[in-house]
Structures are given as C-alpha cells and as structure tokens.
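Coordinate inspection notes
Spelled out, the chains give:
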Amino acid sequence: MSPDAAGLRAQALTGLATWSNNGLGRPALYPNNYLFYCFVWAFAQIAPTVALAAVVALFSAVCAVAASTFTEVAGSRPFAIGAMLLLCFNPWTYTELVAGHLPMLIAYAGLAWFSAEIARGRRASPLRLTLATVLVAQQIQFLLIFLVAALAVGVALRRWQPLIAALVLALPVWLGVLLGHAELARIPYTLAWERSQSLTLLAALQARGYFARYATALGTLGHVADAAFAILALLAAGLARARQALLAVAVALVAALITTGVDGPIASLYGFVVTHVQATGVFRELYDLIAVVTLGYLVAIAFATRRYPVMASIAIAIGTAWLLGWWLAPPARFWVAGSQLPRVRVHAPAQSRIAFYPAFQPMSLGSKGSGVDPDVYDRPGGVSVLNTYLPEYPAVMALSRYAISGNTRLLRALSVSRIVERPWLCTDLTTLAVQIAARTTRRRACGADAAPVALAPLPEVTLASHFAVGSLDTNVGAGNLLIGDAVRAGLAPGPAPQPIAASSSAVDAHRAWVNARLFFVARPNIDQAYGGVYTASQQPLRVAVSAVLAEVRGSLWSDGRRVARTTSGYRWFALGPGRHTISCRGQCAVAAGAAAIPGIPTDPPTHRAAAVRATHLLPWLWRIALPVAEPGNLLRINVAYTRYWRIIGGRGFVHVRVDGAVNGWVAQRRQGARTVYAIEARSATLQVVELVSVVLLIPIFLSTGRRRRA
C-alpha cells in the first residue's frame, strides 16, 4: 500500500479498473479482487493507516468467526483460542503479511471460514458458506482451488450456493483468460524461476520454505512450533477416527507435495507441466499453496479434539509459541515506515508520463525493505507512470538507456514529460537478478540527488501523414510498422519474419539459449518487439529458417560456418535454405528468422506527427477530436497495443501495431473533422461483467435467506 493517501486511492482505483495505465498500459487479465479494492478505496478516503487497519480488522474478524465455528466441530470451547492462534500466527500468515499480500490473506480467512463451516456437515449454513465464498474469490489461486471444493460441497451437502457464487464472481476471470490467452502466454514462466520457488518437503510439511525466508525471524521457538504443528496434525488424522480428518490431511499432503516443485518427488512431472501447460503459471509462487496445508492440518486437529480434548491445549501452546515469535520479531521489522519516505510531488503536463529513477523494482530504502515502488500510481490530469514491476518492451529499453547513457530520446518517444530522481531509493539488485535472470551492476541502481528533468515529449495522441514498414522497428516514436504487423493488417505482402523461441526450461545464458526478454534490463541494446533468444554459451540451437536477425558480440556460426562477427545493433544474416544449427562464440541475440532476408530497411526514418486534441476519459476509453485527414494518415495512441482496441464514430480505419508496441489506425478513406472514441473493448466488457457479477450475487444471497427461513 502506498503511504500517501492520494497514492493509495489511485492504487485502489487501478485495482478496480480492468485496464492499468502503468507503463504503456496493460489489461487486467485476472480481474477477481475488485471487491477488495472497493473496500480499500472506501477506507482510503480517511487515511492509508485506516485502510490498512480495516484490512487487518476484516482478516481478524473472519478468522475469529472461523475459529468459533471450529469450536462446534471440536466440541471444546478452549479450541476456539487455539484455532484463532493457529490461523492468525502460523508462519504462512507471517510471510504473506510481510510480503504485503493482503488480498491473499483476506481470501485465506474466507477459506478458513468455509473449511470450518463444511466441517459441520449437514448443519453448514448456506449464507455463511456464500459469504466465505465472496472472500475466497479475492485471490485467483484460492478461487481456482475453491471451485473443486465448492463442487464437492454441492454434491455431498446439497449446498449449491457457494459454487454458483464462485462461478459468478469468476465470470470476469474466465472472460479475461479466454480473451487474453495470448498475453498470458508471453508472461515469463520458467523452470529456473520455479526452482527458486520450490520448497523442500520437510519445510512444506512445516508450513515454511518461502524463498525470502521471512519466517526464520520467528526463531528457534517458531521452528519448534512449526514441527509440532505438523506432528500434531498427522497424529490427529490417525486419532480422530473421522473420514473428514483423513481427507483434510490428505489434501494438505498433496498441496505440500506440489510445493516441492522441481526439487521434490514429483520433479519430472512438475517440470513437464511447467514447460507444456502455460496456464499453470497462475501458481508460479508455490508457497501460496501452503495455506491449504495449514487449513488441512487445522481441520484434522479439530476433529481429533472431539475425542481428545487435550489437543485444544496443545493447539493453544503451539499458537502461543508463534505469537511470542511475532512479538519478538513483528512483521513491521521488515517494513519501512511511510513516514520515512519523502512525498514525491510531480507537476507534469496533462496526459503525459513520468519516469522515476531508480527505475526498476523491487525497491529498498537504503538497506531496508524490498518491495513495490510506492510512487507508481496515476496522477491527476491523466498523468501516468512509465515504470512497471515487470520489465516490458519498449519501456525497459527507454528506462535502461537513460540510466546507462542519459539518452532521453526513447523516453520522449513514450510521452515522458518528467524524469524524477529519488536519491533515497535503490533497486534491490539481488532480487531483481532472480527475476530477470541477469546480473546488473549499472551505476543507476540508486537514485541521484538531482532536480526533475523536463522533456518535450511526443504527445500521447498524434496524426502522421506517412508511415513506412521495417523489419525491426526499434526506432520507437518513428511511427512505422513492423513487417509482421503490416502483413497481418493487409498493408504489405507476406510472409513475415517469425520470432525465434527458446525452451522455458532454462534461464542461464551461459549454458543455453534463453528467452531474451529476461536480459533486456541488463542489455537494453538487444531489446526489440520480437523477444527472441539470447546466449553467452556455445550450445547449439536448431532453427528452421533461411535467415536470422541477430545482434552479435563475438561470432555467430551456422552448421560449423561463421556467418557473422561483432555487429553494431541487429542485422540480417543469410543461412541458406533448410534447417540449420546455429551457435555462438561470445554473446548473441537472435530476434527473428525468415525464409529470406526482407528487402526493406530494419529501422525506417522517423515521420513527423502532429498532436491531436484528445481526452483520456477512462483507463480504457479516449475521446479524440479528429481533424480532416487524407487517406493513408496514421492515427497513433501511445498506449500498449492489443487487438481489442476499436475506433467508434469513424469508418475506414485499419487497426495496426505501431513501432512494435502501441496502437495505430490507418485511415483508408477521407475523414471529415469529427469526434471519435478509442475503446479497449475487452477491458470495457470486463468492467461491465464485474458490475454484473456483483448484481447477480443479490439473488444468490436472497436464496440462502429463503432456505434458512424454510
């Protein structure tokens, strides 16, 4: 959460919106926690501390209700105390609170309440189950798991309201995934990342193992409590003499096994899933599943307490040990107080962007903390921030080049009007290196003590009379089309070059060819729209092309024949017909391949463009006052391209991707002066579906009320 009231309100609104303005903009493909951000936004009207307190209060209240419900299952009033302590102070909740995963904590509390309620069997309240469902739906990972549980509850207990409510709340998610599968497929998801997220089986069974090792702060007493919790749950499964206890522990053990990822008994199977089932990337942080382990244990202990009341006392002892660990090492020790962060006041022209330095997240205040940038949120007047959490093309290229050389051309091309230094912040290079798979020691890891730099940016909405077609188009701001985009729009003959892809099983460029996007922060000179592959090894790579677009430091070889030496930027190189095996001696980036070297420039010259009067009405909606335009004119909006952007109010526009990154429309017929609207139809639809899903909850809750009266 931003410590600034205006910032927190803006961040909450971004969570509500189905299109984010950060960077060049991006769709919200998993729009599930909009109710959570409504809650945060409401309390943020008072103060950020009030909003945080409200979230903590909601979490505590739901856990208290769940603990009270577990008391009925356990048949022991003292068990309510033990259940509350185990729910709130286990190492998983400690870790997630330190990491700031607040929607996940709320969803976890809802899942605990649901688990306690279904443990009551036929006495389970449909209303309480449905209320818990609303909370669970605030986290996509838990929602997916929950759907299976809700189906089972419907079959076993004839309580169908939770499943119906979950499906209704998930409507924006299903639609977002259906319409955004192409964007989801481009999210880096590799075995190397999963290796950093994989837990040992022993740590998983004890609800520990998060890669940042936050829970180690709980000390020896905490570790003893972790082991005691696991042992007590396993004993409970055998002593309870209840199928529910056995089932709960079995589910917990399966979840623990999955979290071992590439380092456990299912390493081979898990590796196959990662490399072949892209959709499993939603669970790329395996530690999230430990929540299921803790709840499975708690259910088993509750049923065993019915026969052995002493277990309530043991549960209280374990929870008290954790509570003592929290008292000795409170989560706040990992945080930086908002009062220590200077407020950034930026005065920028309306409908432009700001670039913050240091540019790349996670951020630290000196040696303290490591997390999201507190200054990345929209400002009044349609002013957004170019910085994003994950590096994206071409923003990463523009930010990196300025950090290395002070060159502002690309920043201006991306409508950046102000460069703001923050000398109190530094990029956490250690954590960043894990995420981008490259070490970066550039001098701009920390902010400089300098006044804001004012730039004369390219306006966000422009009109150009000409454009050209190139085969690389890294000349961002030139207003040209990448050859593949021109072919798809029917503006150039095919075939078009195709990106060269690498296996997702590796990110170590010293051992294999890897996804080049993982190195764009460290080497912005290889950044381009194709993505492509990169290596610093001599490992071979099979390609089925006759020419490649490559940037070489050293030499590039094909079938034992040298085809390229050190280049200044990307160049096309002929390999000959058929399949080939390429290798590198030095450092090589190969962006794309083609059947023949394209007979067009790689980077055509820039074309002049005039500003067009436009208003950014909503994150996904622009109003544009279009002047008289001749056929062939290119309307450009400096917002990330998706195929769902539409022009409403004008005819004869062909939608294209400009400069390999942003939206453009070619007017193929004369357009009179008029007002048109540019809308991202998918985001607009998802926004409506969010509202519809909330409205549909009303009859579901009404039906639970009628059932109770009956």
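Going by the structure above, here's the rest.
The model shown is predicted, which means the values in this text are computed figures rather than measured ones.

Quick notes on the sheet that holds strand 8 (residues 425-427)
Spatial ordering of the open sheet is given by 5-4-8, a layout of three strands whose pairing is antiparallel. The sheet terminates laterally at strand 5 (368-371) and strand 8, the two strands that pair on one side only. Sheet twist, expressed as the mean angle between neighbouring strand axes with direction ignored, is 25°. Across three bridges, the pairing between strand 4 (residues 363-365) and strand 8 is antiparallel. Across the sheet, the residue bridging to S364 is C426, located in strand 8.

Some details on unusual backbone geometry
Cis geometry is found at the peptide bond from Y357 to P358, where omega equals 5°. If you trace the backbone, P358 turns up in the loop between strand 3 (353-357) and strand 4. The step from G494 to P495 runs through a cis peptide bond, and the omega angle for that step is 0°. Position of P495 relative to the elements: it lies in the loop between helix 22 (483-488) and strand 13 (498-499).

Observations concerning the environment of P342
In this structure, P342 sits in the loop between helix 18 (310-328) and strand 3. According to the relative accessible area criterion, P342 is partly exposed, its value standing at 35%.

Observations regarding the environment of P452
Structurally, P452 is set in the loop between helix 21 (429-436) and strand 9 (453-454). The spacing of P452 and C588 is 136 residues in sequence and 37 Å in space, taken between C-alpha atoms.

As for a nonpolar patch on the surface
Residues L167, L171, W174, V688, V692 and L696 make up a contiguous nonpolar surface patch of roughly 470 Å² in combined accessible area. Residue assignment for the nonpolar patch shows that the elements contributing at least two residues are helix 10 (171-179) and helix 23 (681-709). At three residues, helix 23 tops the list of elements feeding residues into the nonpolar patch. In this fold, L167 is placed in helix 9 (residues 161-169). L167 gets classed as partly exposed once you look at its relative accessible area, which sits at 39%.

Analysis parameters
- Residues numbered from 1 in each chain as written.
- Predicted model: local features only at pLDDT ≥ 70, side-chain atom pairs only at ≥ 80, totals over all residues.
- Heavy atoms only, no water.
- Pairing = 2+ DSSP bridges.
- Helix = DSSP H or I, 4+ residues; strand = E, 2+ residues; numbered from the N terminus.
- Axes fitted to C-alpha atoms, helices over the stretch in contact; angles between N-to-C directions.
- Buried < 20%, exposed > 50% of the residue type's maximum accessible area, 1.4 Å probe, protein only.
- Patch = residues over 30% accessible without salt bridge, like charges linked within 9 Å, V, L, I, M, F, W, Y side chains within 5 Å.
- Areas by Shrake-Rupley, 256 points an atom, 1.4 Å probe, with all protein chains shown as cover.
- Salt bridge = Lys/Arg side-chain N within 4 Å of Asp/Glu carboxyl O.

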